[in-house]
Each structure stands twice: as structure tokens, then as C-alpha cells.
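Here's the letter readout for the chains.
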Amino acid sequence: PGAEPRRYAEPQLLDKRIPEGRLRFAPDGSKVAFWLINALDRARQTSDSEFWILPFPQGAPRLVESLTRLHPPYPFSWLPDSRGIVFGTDLRAETPGMHLYRADTETGSIEPLTATNGSETTPAVSPDGRRIAYTAQEEEYHLIEVPLDGSRYRSALSGSRMEADPAWSPLGNQYAYVSGRTGRPEVWQRSRDGIFEKQAVTSASFSDGET
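Quantities reported herein were computed from a predicted structural model and do not represent experimental measurements. (Residues numbered from 1 in each chain as written. Predicted model: local features only at pLDDT ≥ 70, side-chain atom pairs only at ≥ 80, totals over all residues. Heavy atoms only, no water.)

### Section: the confidence of the model for the chain
Quick note on the threshold: One number per residue, pLDDT, summarises how confident the predictor is, and it ranges from 0 to 100. For the purposes of this entry, the term helix denotes a DSSP run of H or I that reaches at least four residues, the term strand denotes a run of E that reaches at least two, and both are numbered from the N terminus.
On average, residues of the chain score 86 in pLDDT, and 91% of them are at 70 or above. Model confidence for the chain, summarised as mean pLDDT per element, is weakest for strand E12 (residues 154-157) at 75 and strongest for strand E5 (residues 76-78) at 96.

### Regarding the pattern of salt bridges
Quick reminder of the rule: Take a side-chain nitrogen of Lys or Arg and a carboxyl oxygen of Asp or Glu: if they are within 4 Å of each other, that pair is a salt bridge. Per-residue accessibility, obtained with a 1.4 Å probe over protein chains only, is compared with the maximum for each type, and a residue is labelled buried under 20%, exposed over 50%, and partly exposed between these values.
Scanning all chains against the criterion turns up 8 salt bridges. The partner of Lys16 in a salt bridge is Glu50, with the nearest N and O atoms 3.1 Å apart. With Lys16 in the loop between helix H1 (11-14) and strand E1 (20-25) and Glu50 in strand E3 (residues 46-55), this residue pair connects regions lying 34 residues apart in the sequence. Taking relative accessible area as the criterion, Lys16 reaches 21% and is therefore assigned partly exposed.

### Regarding the sheet that holds strand E6 (residues 84-89)
Selection rule: A pair of strands is treated as paired once DSSP finds two or more bridges between them. Here the axes come from fitting lines to C-alpha atoms, over the contacting stretch only for helices, and the angles between their N-to-C directions go from 0 to 180 degrees.
Pairing in this open sheet of 4 strands is antiparallel, and the strands run E5-E6-E7-E8 from one edge to the other. Of all strands in the sheet, those with a lone pairing partner are E5 and strand E8 (110-112), marking the two edges. For this sheet, the mean inter-axis angle between neighbouring strands, taken without regard to orientation, is 25°. In this structure, strand E7 (residues 99-104) lies alongside E8, joined through 3 bridges in antiparallel fashion. From the neighbouring strand, Tyr101 faces E8, where its bridge partner is Pro112.

Next comes the structure, spelled out in C-alpha cells:
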């Protein structure tokens, strides 16, 4: 306390242009995690995300490759073991929104913690590691039918799940739409009166099981 600031002197980070970054001391005080944006080319306005572990008070920094591939730098929180972190990202395309993941900064492994129809971000791990506080965001999309004669619109489908991207059948008595009711986007068919409804296209419709 009261000492003059010292510029970080390890050569791996000295020449980087960092317009954005997030710093967090590990609980044991032995290192700092630094998730940053590296502005690679000012003329082309290109940038890249990098995740570094900086030993404290000294030592060569280490790049965590699996987290470096993610973009941009996300708010994260250390686990009590000073090895794992928790962060929110849209890493997996099959689950809409952003969700919480746990990463091991030693092995680089990443595993999901949450998978909902909303988004989970800005986690904060409790000191004992038994709880995580985070921001939950829910997005609602509904299907609305609007008559072109100026009469009142009606809600064609309005639930707590995502219903979006409708397409009418040429017969006009049913439509297809995207639903998030199972936790993954799927195409469903539904009659205009709501009596008939069924799945049309799911991840299982594709050879690799994902799309």
C-alpha cells in the first residue's frame, strides 16, 4: 500500500494493444487471470481474444489456448481452488442464449454448468465454492397474427418459451415455426386453431446430431 505503480514487464504482453480486458486475482493470491482483447491490426481493425495466467508477484505468463479461442473476454469468477473459473458464453450453438461454463486453467477443459431457454451471465462464485450468483436473462418471443383490414391482432402462440420465425402453409390453415421448448431450437408444425401440433425438424434429423 502506498507504493508507486509498476508497469507489467514480462515481454509476452508488453507490445500488445489492449482496448478491453478483465483482470481477476486468484483466491490464493498466487496469480492473476487476464482475459483481454488484443488489437492485432489497427488499419484493418482486427482483434483477437486471449486468456493469460500471470504468476504473482513474478513469473512468465502462460496462455490458456482453449479460452483464448473464445471471443470476446467474458466476465468470470475464480473457484476457491485458484485453478478453475466460471464464466458465461454462447459457446454451444444447440442451446440458444449465453450459459455458464466451468474451465480448468491448468488442463484447458471446459464443461457446461447451465442450459436453459434464457441466458446466464456475470457469475460470482461464493468463497466456499458451494454457490454461484449470476444474472439470469429471459427472452420471450411470441407469434402474433395481424389482419390487414385494420381489425385487432390476435396472439397466435404466446407461452413462456421461444416461438419465432413463422411460415404459413400454402393452404393457410397451419404454419411452421421455431420453438425453444426443449432447450434447443426446433421446427414445429401447428394448425391455426392450435388443435394440431408436432415436431418437424430436430437435431436428430441431421446425421451428426447437431446443427
